[in-house]
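Coordinate analysis (summary)
Residue strings, one per chain:
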Protein chains: 2
Amino acid sequence: MKELVSRCPIEEVMQVLSGRWPTLLLYYLKDGTKRFSDLRRDNPTVSHKMLTQELRKLEKAGIVQRTTFEGYPLRVEYDLTPAGLGLVPLIDALGDWWEETEDARLGTGRLIERAVQAST
Amino acid sequence: MKELVSRCPIEEVMQVLSGRWPTLLLYYLKDGTKRFSDLRRDNPTVSHKMLTQELRKLEKAGIVQRTTFEGYPLRVEYDLTPAGLGLVPLIDALGDWWEETEDARLGTGRLIERAVQAST
DNA sequence: AGTAAATTACGCACCTTTTCGTAACCAGGA
DNA sequence: TCCTGGTTACGAAAAGGTGCGTAATTTACT
């Protein structure tokens, strides 16, 4: 999803939040400052390439704050920005919706044969 | 994003909503019933294949209702399920958040050099 | 004292996997 | 034969994983 096909804000947010990692990172970061290596430990299946790439995407979007410290070994800290913090409850709401509607979504509806009508 | 790495509902929703089309389709469908060809017209950049694929994904997730009518020419209608309708305001909220926080996200924060401290 | 190794957060190149568009084909009744 | 909605095969392009290189300092060993 490189380019946008509409100029609506929703497509823009989704461009940033799409994929496996953005929301997961949001969740690890909402508990406070994390270093790069912390995030890798938290989720052992991210490759370092993906992790840097996604963190930079979130940073560019203003959701994540990246702070580097001089000295060695290198140290870089990641936090949510205030805006990023405000995003958390919205993502939570999506998760809640998913759980709450599980029965409705996967319930009887799937099994019922849809009305088959003659087109007039 | 074929497989899930966590069992959290958020990753599950994002698996369904990720990408360019799911939220766009949600938006075209929230105005009421649409046929396959309507949706293609609404968004001329979706390929035939992508459209069916995404619609089926949404159908499987219980967000979209697919109804076929017998008679010719063939007719298939797509609607949001009640659950799908409930999703719309949540996506709206994301879009609003994106717009509202634009200044905060892209504002001065980006330009400020971060604190650079000597590691003790 | 002097050398070697480890440390952290990456960037880069290479290669595999996944995704997506194109295009052709299908069904089945008017 | 045309229409709509859909499937399939193929190939190109994009996404993503692996491993190597690197910085400058500390620690570890001899």
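Below is a short write-up of the structure.

Rules and cut-offs
- Residues numbered from 1 in each chain as written.
- Chains lettered and ligands numbered in written order.
- Predicted model: local features only at pLDDT ≥ 70, side-chain atom pairs only at ≥ 80, totals over all residues.
- Heavy atoms only, no water.
- Near = heavy atom within 4 Å.
- Polar contact = N/O pair within 3.5 Å; in protein donor to acceptor, adjacent residues only side chain to side chain.
- Helix = DSSP H or I, 4+ residues; strand = E, 2+ residues; numbered from the N terminus.
- Nonpolar A, V, L, I, M, F, W, Y, C, P; charged D, E, K, R; others polar.
- Contact = heavy atoms within 4.5 Å.
- Buried area = accessible area lost by both parts, 1.4 Å probe.
- Salt bridge = Lys/Arg side-chain N within 4 Å of Asp/Glu carboxyl O.
- Least-squares fit on C-alpha atoms with pLDDT ≥ 70 in both.
- Patch = residues over 30% accessible without salt bridge, like charges linked within 9 Å, V, L, I, M, F, W, Y side chains within 5 Å.
- Areas by Shrake-Rupley, 256 points an atom, 1.4 Å probe, with all protein chains shown as cover.
- Lys, Arg positive; Asp, Glu negative; His and termini not counted.
- Charge placed at Lys NZ, Arg CZ, Asp CG, Glu CD.

Near DNA strand C there are 17 residues, and of these Thr52, Arg66 and Tyr78 of chain A together with Lys49 and Met50 of chain B occur at the shortest range. Restricting attention to atoms of DNA strand C within 4 Å of the protein, one finds that 70% of them are sugar or phosphate atoms. Take Leu74 of chain A: an N or O atom from its main chain is 2.9 Å from a sugar or linking oxygen of DNA strand C. In the model, a phosphate oxygen of DNA strand C is placed 3.0 Å from a nitrogen or oxygen of the Ser47 of chain B side chain. Residue contributions to the surface near DNA strand C peak at three residues, all from helix α4 (residues 48–60) of chain A. Split into classes, the residues belonging to the surface near DNA strand C amount to eight nonpolar, four polar and five charged.

Opposite the 56 residues of chain A that make contact, chain B presents 57 residues. Contact with chain B buries surface across chain A, with Arg20, Trp97 and Trp98 of chain A losing the most and accounting together for 15% of the total. The shortest N-O distance in the salt bridge between Glu11 of chain A and Arg20 of chain B comes to 3.9 Å. If you list the elements that add at least two residues to the side of chain A that touches chain B, you get α1 (9–17), α2 (21–29), β2 (64–69), α5 (82–100) and α6 (102–106) of chain A. Residue contributions to the side of chain A that touches chain B peak at 13 residues, all from α5 of chain A.

Take the protein's contact with DNA strand D next. Around DNA strand D, the surrounding shell holds 19 residues, and the nearest of these are His48, Lys49 and Met50 of chain A together with His48 and Arg66 of chain B. Looking at DNA strand D alone, sugar and phosphate atoms form 60% of those within 4 Å of the protein. At 2.9 Å, a side-chain N or O of Ser47 of chain A approaches a phosphate oxygen of DNA strand D. When residues of the surface near DNA strand D are traced back to their parent elements, those giving at least two are α4 of chain A together with α3 (36–42), α4 (48–60) and β3 (75–80) of chain B. Residue contributions to the surface near DNA strand D peak at four residues, all from α4 of chain B.

The next subject is the relation of the copies chain A and chain B. Applying a rotation about an axis and a shift along it to one chain copy brings it onto the other copy. You can overlay chain A on chain B at an RMSD of 0.2 Å; the transform is a turn of 180 degrees with a shift of 0.1 Å along its axis. One copy is carried onto the other by what is essentially a two-fold rotation axis. Closest to the rotation axis within chain A is the C-alpha of Ser18 of chain A, separated from it by 2.2 Å. Most of the interface of chain A is mirrored in chain B: 100% of its interface residues are interface residues there too.

Residues and elements named next belong to chain A. On the surface, Asp96, Glu99, Glu100, Glu102 and Asp103 cluster together into a patch of negative charge. Elements supplying a minimum of two residues to the negative patch: α5 and α6. No other element matches the three residues that α5 contributes to the negative patch. Here Asp103 shows up in helix α6.

These figures come from the coordinates and say nothing about function on their own.
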